[in-house]
Amino acid sequence: MKDRRAMNTVLLITAIIIFLPVIVILVWTVTARWPWPGLLPESYTLRTLEELLFGSNQLTEILLSSIMLATLVAVIGTVIAMMTARATEIYRIRGRQAVGIAALLPLLVPGTVFAMGIQVSLIRMHLNDTIAGVVLVHLVAALPYCVTIMMDVTAAVGDSLEEQAAVLGAGPFRSFIDASLPGIMPGVLSSASMAYIISYSQYFTTLLAGGGRIKTLALVLVPYIQSGDRALASIYSTVFVGSALIVFFLLEAAIHRIMRKGR
Amino acid sequence: MKKKLLVLFLAVAMVFPLAACGSKQAEPEAADLSSAGWDEIVEQAKGTKVAFYGWGGDENRNNWLNGTVADYLKENYDIDFEYVGMDINDILAKLTSEKEAGEETGTIDMIWINGENFYTAKENGLLYGPFTSQLPNMEAYIDQDDPETLNDFCKPIDGYEAPYAKAQMVMFNDSAVTPETPKNADEFLEYCKANKGKVTYPALPDFTGSAFVRNLIYEKCGWEQFQTMEADKAAVKEAIEPALEYLRELNPYLWNEGKTFPADSTALDKMFQDGEVVMNMSYGPFSVASGIADGTLPETCQTFVFDNGTIGNTNYMAIAFDAPNKAGAMVAINAIIGGDLQLTQYSQLRDLPVVDQSKLSDEEKAAFDAVDLGKGVLPQSELLAHRLPEMPADLVPVIEEIWAEEVVGK
């Protein structure tokens, strides 16, 4: 009983720490002036909403391209991670530890350095300023996380169920889909969400690899944060977080339905 | 064995296209523009796209470019104009990589640039030119003998960039909080003493903070000697010694006793809006009017300059060395320096126009005079009467270095 109360207090404090700044951001979206020491803003404005909805940044277009890009990275990243994890965890390939370490290497290089170097390579491959180029660069940023997640679940689930299915006469594809996939599904979900959010929040890499041609929400948001326009930065941040959350809820709901159907 | 062969084959098959791509030649330049006549250039630009890259943190400017300017270019020249927000450092990094990789057709057509960045970009061959002498509006609207048409931070322009808008250092405060407006460096010191801990300036190398310090150097040491000064650290330090002395004297009365300074002008803007400091400064001479119109600044804000003047500079438009549409960029730049768009820039963005007043027709002059600048600002004539030239571009980083060593926390 005591434990539970302590637990609840911790939960409450965590919730406040998370939600209080979010509420402040929500207030800032319509704030014109909020000088110290006022507890509430001194004056309000609708200029931010006007800019968001009718300004020169086509919001729907940018939202769609951000979501498409991030989804692409999430799907490709998770498939690659799934295959890498199977290769290192299930098949006894020589040098598989090296592959595991290599998958983490991109984390060691600072993002800015990586972006500037990769840009030269992209230009040589004629992939600069294209969606394919941006997806590739985002994948490099997302893969270390995806691979780590998938390695853990693949090691835990193993391939014993798959072997059973094979013994019962299922083909390799069917035995993977029906026997292993449900087991590693939680990993697939978290890997996809991770890749999604990493791609969604890339700024510098998108800027350089996409050359400003590939537009994402982060590209519009960051200049407003840098220029100190707190109201505009807040409203774009709200759209940023809100859209990411909505996509997550939809994704989760879809997966739940698929899982239930499968059973 | 078979499997191993297959793996080898796949590996080669994967690497091969990459290598092949790497050696592929970029397409050659379409035509030589430097000898083309203006009509030819306009004809070539018809139905093309132009991408203008520059700082994207000002919503009003973004809307002006993607709205007013884009519509104007579409209507008059059938050009699709797009503004892409990107920091100048990133733009230069992108161009440098493209140059390094031997790219001949990039994505950037026009760049918003000036000062040190222009100097380095031109030195490193990142810009296309010279092209400004081919623009009819250069002759029709711009003062050809103005030092700011010929030089950017005292470095020769040589036709590699065309003026875009004029900036000038101004200071402002809220007359309801502090009614006095310091007229020179000594009065500024008194002002800091009277408002101990509530005045500061952005830490160098912030653009605005750096200009403010140069302005105080002009106050203490005069401005003429710097126009031809070499970027030799010891010599510069000796020349600005009285100003360094003054800046150190200022420190104890500044915010946090001058031990630290706000990281950039953005931080100082927020501190001023929040009432943490009583004075702010800007390179946008009419920014107070925009702030009051937005509601981010109180209506009682007032702009002021030093009696001896404040530093003004011009920002410019250049064309990238690998611009895919140089003809289109030239047409767009020509349109932007013309009277029509300069007038909208003045009325919508409240930016000092680059057009020469004496070259305007009576009708155009009346239109410029009729612009309502809003509250809390100084009129254009008063600003221009108190305008001092910038220092040579290569002195700027030297002074920033000396400031960091000799002023902060001293």
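Residues numbered from 1 in each chain as written. Chains lettered and ligands numbered in written order. Predicted model: local features only at pLDDT ≥ 70, side-chain atom pairs only at ≥ 80, totals over all residues. Heavy atoms only, no water.

Participant: What am I meant to see in the overall build of chain A here?
Facilitator: In terms of helices and strands, chain A carries 11 helices and 2 strands. Counting from the amino terminus, chain A carries its helices and strands in the arrangement α-β-β-α-α-α-α-α-α-α-α-α-α. By principal-axis analysis of the C-alpha atoms, chain A measures approximately 70 × 65 × 35 Å. By residue count, 44% of the 263 residues in chain A fall in the buried class. Partitioning the contacts of chain A with sequence separation of at least 6, the portion at a separation of at least 24 is 71%. Entry remark: accessible area of chain A is about 14,800 Å², with carbon and sulfur atoms responsible for 72%. Counting 18 positive and 14 negative side-chain charges, chain A places the centres of these two groups 4 Å from one another. (Helix = DSSP H or I, 4+ residues; strand = E, 2+ residues; numbered from the N terminus. Buried < 20%, exposed > 50% of the residue type's maximum accessible area, 1.4 Å probe, protein only. Contact = heavy atoms within 4.5 Å. Areas by Shrake-Rupley, 256 points an atom, 1.4 Å probe, with all protein chains shown as cover. Lys, Arg positive; Asp, Glu negative; His and termini not counted. Charge placed at Lys NZ, Arg CZ, Asp CG, Glu CD.)

Participant: Sorry, what's going on with the side chain of Lys155(B) here?
Facilitator: All names here are of chain B. Here Lys-155 lies in strand β6 (residues 155-156). Taking the relative accessible area as the measure of exposure, Lys-155 reaches 17% and is therefore buried. Ignoring sequence-local partners within four residues, the contact set of Lys-155 consists of Tyr-119, Leu-150, Ala-393 and Asp-394.

Participant: I tried to follow the interface of chain B and chain A on my own but got confused; where do I start?
Facilitator: Note on interface size: it is often stated as the accessible area lost on association of the parts. Counting from both sides, the interface comprises 36 residues of chain B and, opposite them, 36 residues of chain A. Both sides of the chain B and chain A interface together cover about 3,200 Å² of buried area, and 48% of this is carbon and sulfur. Summed over the shared surface of chain B and chain A, the number is 6 salt bridges. For Arg230(A), the salt bridge goes to Asp274(B), with nearest N and O atoms at 3.1 Å. The set of elements that each furnish at least two residues to the side of chain B that touches chain A consists of α1 (2-23), β1 (49-54), α3 (59-77), β2 (80-85), α4 (88-100) and α12 (265-273) of chain B. The greatest single-element share of the side of chain B that touches chain A, amounting to 6 residues, is contributed by α4(B). Here the side of chain B that touches chain A is built from residues that sort into 11 nonpolar, 13 polar and 12 charged. (Buried area = accessible area lost by both parts, 1.4 Å probe. Salt bridge = Lys/Arg side-chain N within 4 Å of Asp/Glu carboxyl O. Nonpolar A, V, L, I, M, F, W, Y, C, P; charged D, E, K, R; others polar.)

Participant: It is not clear to me how the side chain of Asn128(A) should be interpreted in this structure. Could you clarify?
Facilitator: The residue Asn128(A) is located in the loop between α5 (111-124) and α6 (131-157) in this model. Within the structure, the side chain of Asn128(A) is placed 3.5 Å from the side chain of Glu103(B), a separation counted as a polar contact. When neighbours within four sequence positions are excluded, Asn128(A) is seen to be in contact with Leu122(A), Ile123(A), Ala209(A), Glu98(B) and Glu103(B). (Polar contact = N/O pair within 3.5 Å; in protein donor to acceptor, adjacent residues only side chain to side chain.)

Participant: Honestly, unusual backbone geometry in this entry has me stumped. Any pointers?
Facilitator: Peptide bonds are, in most cases, trans, and in most cases residues other than glycine have a negative phi. All names here are of chain B. Cis geometry marks the peptide bond from Gly-129 to Pro-130, where omega comes out at -5°. Looking at the secondary structure, you find Pro-130 in the loop between β4 (127-128) and α6 (136-141). In this structure, Pro-205 follows Leu-204 across a cis peptide bond, with omega equal to 10°. Inspection of the secondary structure puts Pro-205 in the loop between α8 (185-194) and α9 (207-221).

Participant: Explain the domain arrangement of chain A here, please?
Facilitator: All names here are of chain A. Taken domain by domain, chain A comprises domain 1 (1-45) and domain 2 (53-262). Every contact between the two is made by 5 residues of domain 1 and, on the other side, 5 residues of domain 2. Taking both sides of the interface into account, the surface hidden between domain 1 and domain 2 amounts to around 480 Å²; carbon and sulfur atoms contribute 74%. The largest per-residue losses of area from domain 1 upon contact with domain 2 belong to Ile-25, Trp-28 and Thr-29, which jointly make up 83% of the total buried on that side. One can count 0 residue pairs in polar contact (both at pLDDT 80 or more) joining domain 1 with domain 2. With 3 residues, helix α1 (residues 2-28) is the largest single contributor of residues to the side of domain 1 that touches domain 2. In the side of domain 1 that touches domain 2, the residues fall into 3 nonpolar, 2 polar and no charged. (Domains from an automatic or database assignment.)

Participant: Where do I start with the sheet that holds strand β8 (residues 170-174) of chain B in this structure?
Facilitator: Two pairing modes exist for strands in a sheet, parallel and antiparallel, and in both the strands are linked by backbone hydrogen bonds. All names here are of chain B. Spatially, the 3 strands line up as an open sheet ordered β9-β8-β10, and their pairing is antiparallel. On the outer flanks of this sheet lie β9 (279-282) and β10 (301-304), each paired with one strand and no other. The mean inter-strand angle of the sheet, taken between neighbouring strand axes irrespective of direction, is 30°. Summarising the sheet, β8 and β9 pair through 4 bridges and their orientation is antiparallel. Residue pairing in the sheet places Val-170 in a bridge with Ser-282 of β9. Strands in contact with helix α13 (residues 287-294) are β8, β9 and β10; relative to β10, the strand with the most contacts, it is inclined by about 170°. (Pairing = 2+ DSSP bridges. Axes fitted to C-alpha atoms, helices over the stretch in contact; angles between N-to-C directions.)

Participant: Help me out: how do you make sense of the packing of aromatic side chains in this one?
Facilitator: Aromatic ring pairs are described here by two measures, namely the spacing of the ring centres and the angle between the planes. Under the defined criterion, the tally for this structure stands at 19 aromatic pairs over all chains. Ring centres 5.0 Å apart and planes at 35° place the aromatic pair Tyr200(A) and Phe240(A) in the tilted group. Here Tyr200(A), found in helix α8 (residues 172-201), pairs with Phe240(A), found in helix α11 (residues 230-262); they are 40 residues apart in sequence, far enough to count as distant. Here Phe240(A) falls in the buried class, since its relative accessible area comes to 14%. Stacked on the ring of Phe321(B), the Lys or Arg Lys99(B) has its end atom at 4.7 Å from the ring centre. (Phe/Tyr/Trp six-rings, centres within 6.5 Å; stacked < 30°, edge-to-face > 60°. Lys NZ or Arg CZ within 6 Å of the ring centre and 35° of its normal.)

Participant: Looking at this structure, I do not really get the pattern of salt bridges. What am I missing?
Facilitator: Where charged atoms from two side chains of opposite charge approach closely, those side chains can pair. One pass over the structure, following the stated rule, counts 30 salt bridges over all chains. Between Glu42(A) and Arg33(A) there is a salt bridge; the shortest N-O distance is 3.1 Å. Salt-bridge contacts for Glu241(B) lead to Arg248(B); the nearest nitrogen and oxygen are separated by 3.2 Å. Ionic contacts of the salt-bridge type, sharing partners, join the residues Lys237(B), Glu241(B), Glu245(B), Arg248(B) and Glu406(B) into one network.

Participant: Got a minute to help me understand the nonpolar core in this structure?
Facilitator: Inside soluble globular proteins, nonpolar side chains tend to come together where they are buried. Residues and elements named next belong to chain B. One finds Phe-188, Tyr-201 and Phe-226 to be the most contacted residues of the largest nonpolar core, which totals 70 residues. Considering every element that reaches this core, the biggest residue donor is α9, with 7 residues. When sequence neighbours within four positions are dropped, the list of residues in contact with Tyr-201 reads Phe-212, Val-213, Leu-247, Leu-254, Phe-261, Pro-262, Leu-268, Met-281, Trp-403 and Val-407. (Core = buried A, V, L, I, M, F, W, Y, C linked by side-chain atoms within 4.5 Å.)

Participant: Is there a simple way to explain the pairing of β2(B) in this structure?
Facilitator: Within a regular strand, side chains alternate between the sheet's two faces. All names here are of chain B. Sheet topology places β1 next to β2; 6 bridges connect them, and they run parallel. Bridged to Gly-54 within β2 is Gly-85. Handedness of the β-α-β unit built from β1, α3 and β2 comes out right-handed. (Right-handed = clockwise from strand over helix to strand, strands pointing away.)

Participant: I tried to follow the packing of helix α15 (residues 339-349) of chain B against helix α16 (residues 362-369) of chain B on my own but got confused; where do I start?
Facilitator: A pair of packed helices can be characterised by two numbers: the angle between their axes and the separation between those axes. Residue and element names in this part refer to chain B. Contact pair α15 / α16: the axes reach a minimum separation of 10 Å and the direction vectors enclose 15°. By the angle class used here, α15 and α16 are roughly parallel. Crossing of α15 over α16 shows right-handed handedness. Within the contact between the two elements, α15 uses Gly-339, Gln-342, Leu-343 and Tyr-346 and α16 uses Glu-364, Ala-367 and Phe-368. Here the contact of α15 with α16 is composed, by residue class, of 4 nonpolar, 2 polar and 1 charged. (Parallel < 35°, antiparallel > 145°, perpendicular 65-115°, else oblique. Left-handed = near helix turned anticlockwise from the far one by under 90°.)

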